Amino acid sequence: MKSPALFISAALLFAPAAFAQEDQCEARLDQLDEAMDQRELTDAEEDQIDQLRDQAEEYKDSERYSDCISTVDQAMQMLNTAPMKE
């Protein structure tokens, strides 16, 4: 029979990682919003990035934080190719 302490220890061990991913997802979404305000985007680029942002929000709401982070990273890569606003 497994000890309840083992399950509690495992839960405590993995809980901070889940919270860290949630915080990282939220922080990346904030960074994406800031970066969008600083870039000169075509309508097509803005639509694509908005779709990725919406998808990342859906992942966040579903607690799929690693998917949220990777989707925001995709959007940030697209933004990095756009020129800065003057």
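Everything below is about the structure shown above.
The model shown is predicted, which means the values in this text are computed figures rather than measured ones.

The rules behind each value
- Residues numbered from 1 in each chain as written.
- Predicted model: local features only at pLDDT ≥ 70, side-chain atom pairs only at ≥ 80, totals over all residues.
- Heavy atoms only, no water.
- Helix = DSSP H or I, 4+ residues; strand = E, 2+ residues; numbered from the N terminus.
- Contact = heavy atoms within 4.5 Å.
- Salt bridge = Lys/Arg side-chain N within 4 Å of Asp/Glu carboxyl O.
- Axes fitted to C-alpha atoms, helices over the stretch in contact; angles between N-to-C directions.
- Parallel < 35°, antiparallel > 145°, perpendicular 65-115°, else oblique.
- Left-handed = near helix turned anticlockwise from the far one by under 90°.
- Core = buried A, V, L, I, M, F, W, Y, C linked by side-chain atoms within 4.5 Å.
- Buried < 20%, exposed > 50% of the residue type's maximum accessible area, 1.4 Å probe, protein only.
- Expected span 1.5 Å × (residues − 1).
- Arc of directions from axis to C-beta.

## Section: the environment of Met76
Working step 1: Relative to the elements of secondary structure, Met76 occurs in helix 3 (residues 65-80).
Working step 2: Sequence separation between Met76 and Met36 is 40 residues, and the spatial gap between their C-alpha atoms is 8.9 Å.
Working step 3: Ignoring any residue separated from it by four or fewer positions in sequence, one finds Met76 in contact with Gln31, Leu32 and Ala35.

## Points about the pattern of salt bridges
Working step 1: A full pass over the atoms with the stated rule returns 6 salt bridges.
Working step 2: Arg53 serves as the salt-bridge partner of Glu57, at 2.9 Å between the closest nitrogen and oxygen. Residue Glu57 and its partner Arg53 are located together in helix 2 (residues 43-61), separated by 4 residues, close to a single helical turn.
Working step 3: Connected via shared salt-bridge partners are Glu26, Asp33, Arg53, Glu57 and Lys60.

## Re the packing of helix 2 against helix 3
Working step 1: Between helix 2 and helix 3, the shortest axis-to-axis distance is 8 Å and the interhelical angle comes to 165°. Here helix 3 runs roughly antiparallel to helix 2, going by the angle between their axes. Viewed along their axes, helix 2 and helix 3 form a crossing whose handedness is left-handed. Along the contact surface, helix 2 presents Gln48, Ile49, Leu52, Gln55, Ala56, Tyr59 and Lys60, while helix 3 presents Tyr65, Asp67, Cys68, Thr71, Val72, Gln74, Ala75, Met78 and Leu79.

## Let's talk about the nonpolar core
Working step 1: In terms of nonpolar packing, the biggest core is built from 18 residues, with Leu32, Ile49, Cys68, Val72 and Leu79 touching the most fellow members.
Working step 2: For this core, the secondary structure elements donating two or more residues are helix 1 (4-38), helix 2 and helix 3.
Working step 3: With residues near it in sequence (within four places) discarded, Leu79 still touches Leu32, Ala35, Met36, Arg39, Leu41 and Ile49.

## Some points on helix 2
Working step 1: In a regular helix each residue adds 1.5 Å, so 19 residues correspond to 27 Å; helix 2 covers 27 Å between its end C-alpha atoms and thus fits that length.
Working step 2: Of the residues making up helix 2, those classed as buried are Ile49, Leu52, Arg53, Ala56, Tyr59 and Lys60. Within helix 2, the buried residues cover an arc of 115° as seen down the axis, which keeps them to one side. Of the exposed residues in helix 2, those oriented more than 90 degrees away from the buried face are Asp43, Ala44, Gln51, Glu58 and Asp61.
Working step 3: Directly after helix 2, the chain includes Glu63, whose backbone phi takes a positive value near 60°.

## Some points on helix 3
Working step 1: Over its 16 residues, helix 3 extends 22 Å from the first C-alpha to the last, a length consistent with the 22 Å expected when each residue adds 1.5 Å.
Working step 2: Taken together, the buried positions of helix 3 are occupied by Tyr65, Cys68, Ile69, Thr71, Val72, Ala75, Met76 and Leu79. Angularly, the buried residues of helix 3 cover 165° about the axis, an arc narrow enough to put them on a single face.

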